[in-house]
Structures are given as structure tokens and as C-alpha cells.
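# Coordinate analysis (summary)
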Amino acid sequence: MSNILEQMQKDLYDGKADEVGTATQKALDEGMSAQEILSDGLIGGMDEVGKDFKAGDLFIPEVLMSAKAMHAGMAVLRPLLAESGALSLVKIVIGTIAGDLHDIGKNLVGMMLEGAGFEIIDLGTDVSPEKFVEAVRAEGADLVGMSALLTTTMPSMKATIEALTEAGLRDSVKVIVGGAPVTAGFAEDIGADAYAPDAASAVDTARSLMA
Ligand code: B1M
């Protein structure tokens, strides 16, 4: 790997947003393709962040700093990637389910997925089954990610899956669920395709579902 991409990965890991933004522009000026910088620089760096977060060697504030640095690089690359059609390989609609306003975990999951190269449509919090359905249809999403932090509103996950089925969309999207009270058993019971316990696992799960 070139020195500039190696340094970019280190700066991203250390959450140095300005350095990552500048290095991204420099790599483009030196003739590297936007796709190469995305895969080998930004995604490579976020993969390391994901691994260490999963292993408990990095904590939420550090991951958020890395995600911010990744965003600085993406701000430079996004127009070029969009132009070349390379950006929107897999679209993921994410949101916190109806009745639930917790969004810290959901945002972390969205940022890690974006860092892994997925296109994220974030519907925010308190997202009704109808809103999920509308977004999946309008965006032609490949995957739906639902987050829940309250046991009282967890049934909204099931209602959303049922709404996707009723709208005839269930066969065209995979569904991942997560959040503190959610378990693999609950995911199976409601007919989700997968459960992910944390943001780094959500990336691994999305990758394997889309493989
Ligand atoms: Co609330 N809250 N809260 N809260 N809150 C909890 C969740 C609670 C456990 C606190 C407690 O009682 N010990 C409790 C829920 C009890 C239950 O139902 N079992 C609770 C309650 C009761 C409430 C209110 C009802 C309080 C009240 O008003 N009486 C109220 C509800 C409001 C509503 O949503 N309608 C409420 C409000 C709030 C605040 C607004 C004050 C604030 C939220 C701010 C915000 O999100 N913008 C808040 C907070 C901060 C918490 C705690 C303290 C922290 C949650 C958090 O952000 N954790 C929480 C107690 C706790 O967890 N210690 C608590 C950090 C975050 C990174 O973790 O979201 O679990 P988490 O995400 C993880 C994984 O779960 C996973 O990845 C992340 C890590 O990598 N993950 C996914 C999450 N989503 C995923 C999706 C995936 C895959 C993985 O795939 C798509």
C-alpha cells in the first residue's frame, strides 16, 4: 500500500479529521482513483477501528472521532464516487423504531456502515413501520436496519417486518435488528434476517447478508 494511504488509515484511526481530508485530496492530486482511496484508505482504516471496538480496545468516543475523520475524507470523495456510480452499491435504510427516541447506538451503527462503504439512508428516531416501508420503496433499499432501546416499543420491529411483507417488499430486503434489549432469539421470533450486538458486528452482518 502507498505511504499516503497507510498514513491516512493511521490518521483515521486516531480521529484526525483535518489530516484525513487533506490526505484524501492529496491522493487524488497524485492520480489515485476515488475508489482506491475509499477502499484502501478510508474503509481500510474503519475496518481497523471496527475490529478494535469489537475487541474492547476502543471506546465509543474514539469511534465517533474516527467516524468524523472518515466523513472528512468522504466529503472530498463523495461527488467523484457519485459521478462514477461507484458509491451506491448497497443501500441501507436505518432508523430507531416507533416510540423510541434513543439514537446514539443507531448513529454509531450508521457511521460504521458508512465507513464500510454502504450508502446509508438514516430515517432518524421514532420511525413508524409505514415510514420504513415508504423509504425502502422510494430508495430501492437492499437492507433495513432497526434499532430499539426500549422493551416497551420492541414490538414495533415485528410490526415493521409485517408491514414490509404486506407491501410485498419483504423478499427484496434483508432486515438486521439490534439495540440493548434485542437478542438473537427475539430477532428470529419476529422474522428478521439477522441480529447484531454492536456496530462493528452490524458491518460484518451486513457484509455477509449482501455477499
Ligand atoms: Co433512556 N433508557 N429513556 N434515554 N437511556 C435506557 C435505554 C434504559 C435502559 C435506562 C434504564 O432504565 N436503565 C431505559 C430502558 C428500559 C427498558 O426498556 N428496558 C431507558 C428509559 C426507560 C428511558 C425513558 C422511558 C425515560 C423516561 O422518560 N422515563 C425515555 C424514553 C424516551 C423515548 O425513547 N421515547 C428515555 C430517554 C433517554 C434520553 C433522551 C434522556 C437519552 C437518549 C439520548 C439519545 O439517544 N439521543 C437516554 C439515554 C442516553 C439512555 C441510556 C443511559 C444510554 C443509551 C445509549 O445511548 N447507550 C440507557 C441506559 C444504558 O444503556 N446504560 C437508557 C450507548 C449506545 C452506544 O448503546 O444504543 O445500546 P446502544 O447501541 C449499541 C448496541 O445496542 C448496538 O450497537 C451499539 C454499540 O455498538 N446497536 C445496534 C444499537 N442499535 C443497533 C442496530 C443494529 C445493530 C446493533 O442493527 C440495525
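Described in the following lines is the structure provided in the data block. (Residues numbered from 1 in each chain as written. Predicted model: local features only at pLDDT ≥ 70, side-chain atom pairs only at ≥ 80, totals over all residues. Heavy atoms only, no water.)

The sole protein-derived ligand of the cobalt atom of the ligand is His102 (NE2), positioned 2.2 Å away. Structurally, His102 is set in the loop between strand E1 (91–96) and helix H5 (104–115). (Donors = N, O, S within 2.8 Å, 3.2 Å for Na, K, Ca; no water. Helix = DSSP H or I, 4+ residues; strand = E, 2+ residues; numbered from the N terminus.)

With that settled, consider the sheet that holds strand E5 (residues 194–195). Taken together, the 5 strands give an open sheet; going across it, the order is E2-E1-E3-E4-E5, and neighbouring strands pair in parallel fashion. At either margin of the open sheet sits one strand with a lone partner, and together these are strand E2 (119–122) and E5. Pairing analysis gives 5 bridges linking E1 to strand E3 (residues 143–147), with the strands arranged parallel. In the sheet register, Val93 faces E3, and the bridge partner there is Val144. Each of E3 and strand E4 (174–178) is contacted by helix H7 (residues 155–166), which is oriented at about 160° to E3, the strand it contacts most. (Pairing = 2+ DSSP bridges. Contact = heavy atoms within 4.5 Å. Axes fitted to C-alpha atoms, helices over the stretch in contact; angles between N-to-C directions.)

In this section: the site of the ligand. In the vicinity of the ligand there are 26 residues, among which Leu101, His102, Asp103, Ser147 and Ala199 approach most closely. In the model, a nitrogen atom of the ligand is placed 2.7 Å from a nitrogen or oxygen of the Asp103 side chain. Taking Gly179, its main chain carries an N or O atom lying 3.5 Å from a nitrogen atom of the ligand. Sorting the residues of the shell around the ligand by element identifies H5, E3 and E4 as the ones contributing at least two each. When residues in the shell around the ligand are grouped by element, the largest group, 4 residues, is from H5. (Near = heavy atom within 4 Å. Polar contact = N/O pair within 3.5 Å; in protein donor to acceptor, adjacent residues only side chain to side chain.)

This model, assessed by the stated rule, comprises 9 salt bridges. Of the charged contacts, one joins Lys54 and Asp204 as a salt bridge, the two residues approaching to 2.5 Å between their closest N and O atoms. Note that Lys54 is positioned in helix H3 (residues 34–54) and Asp204 in helix H9 (residues 199–210), a separation of 150 residues in sequence. Looking at Lys54, the relative accessible area reads 43%, which means it is partly exposed. Judged by its relative accessible area of 36%, Asp204 is partly exposed. With a shortest N-O distance of 2.9 Å, Asp193 and Arg170 are connected by a salt bridge. (Salt bridge = Lys/Arg side-chain N within 4 Å of Asp/Glu carboxyl O. Buried < 20%, exposed > 50% of the residue type's maximum accessible area, 1.4 Å probe, protein only.)

Judged by nonpolar contacts, the single largest core of 44 residues is most densely connected at Met8, Leu12, Ile37, Leu42, Leu77 and Ile92. Elements with a minimum of two residues in this core: helix H1 (3–13), helix H2 (17–29), H3, helix H4 (60–84), E1, H5 and H9. Ignoring anything within four residues of it in the chain, the contact list for Ile37 reads Leu5, Met8, Thr24, Ala27, Leu28, Met32, Leu42 and Leu77. The next biggest cluster of nonpolar side chains, apart from the first, holds 26 residues, and it includes Ala135, Val136, Met157 and Ile161. (Core = buried A, V, L, I, M, F, W, Y, C linked by side-chain atoms within 4.5 Å.)

Strand direction decides the pairing type here: E1 and E2, joined by 4 bridges, are parallel. Looking at E2, one finds that Val93 is bridged to Ile121. The handedness of the E1 to E2 crossover, carried by H5, is right-handed. (Right-handed = clockwise from strand over helix to strand, strands pointing away.)

Now for the layout of surface pockets. Computed from the structure, the largest pocket encloses a volume of approximately 390 Å³. Taken together, 25 residues line the largest pocket, and the ones lying closest to its centre are Gly105, Val109, Gly178, Gly179 and Asp198. The greatest single-element share of the lining of the largest pocket, amounting to 5 residues, is contributed by H5. Of the residues belonging to the lining of the largest pocket, the class tally is 18 nonpolar, 5 polar and 2 charged. (1 Å grid on protein atoms, 1.4 Å probe; cavity = no way out; pocket = protein on both sides within 12 Å on 5 of 7 lines; lining within 4 Å. Points joined across faces, edges and corners; volume = space filled by probe spheres on them. Nonpolar A, V, L, I, M, F, W, Y, C, P; charged D, E, K, R; others polar.)

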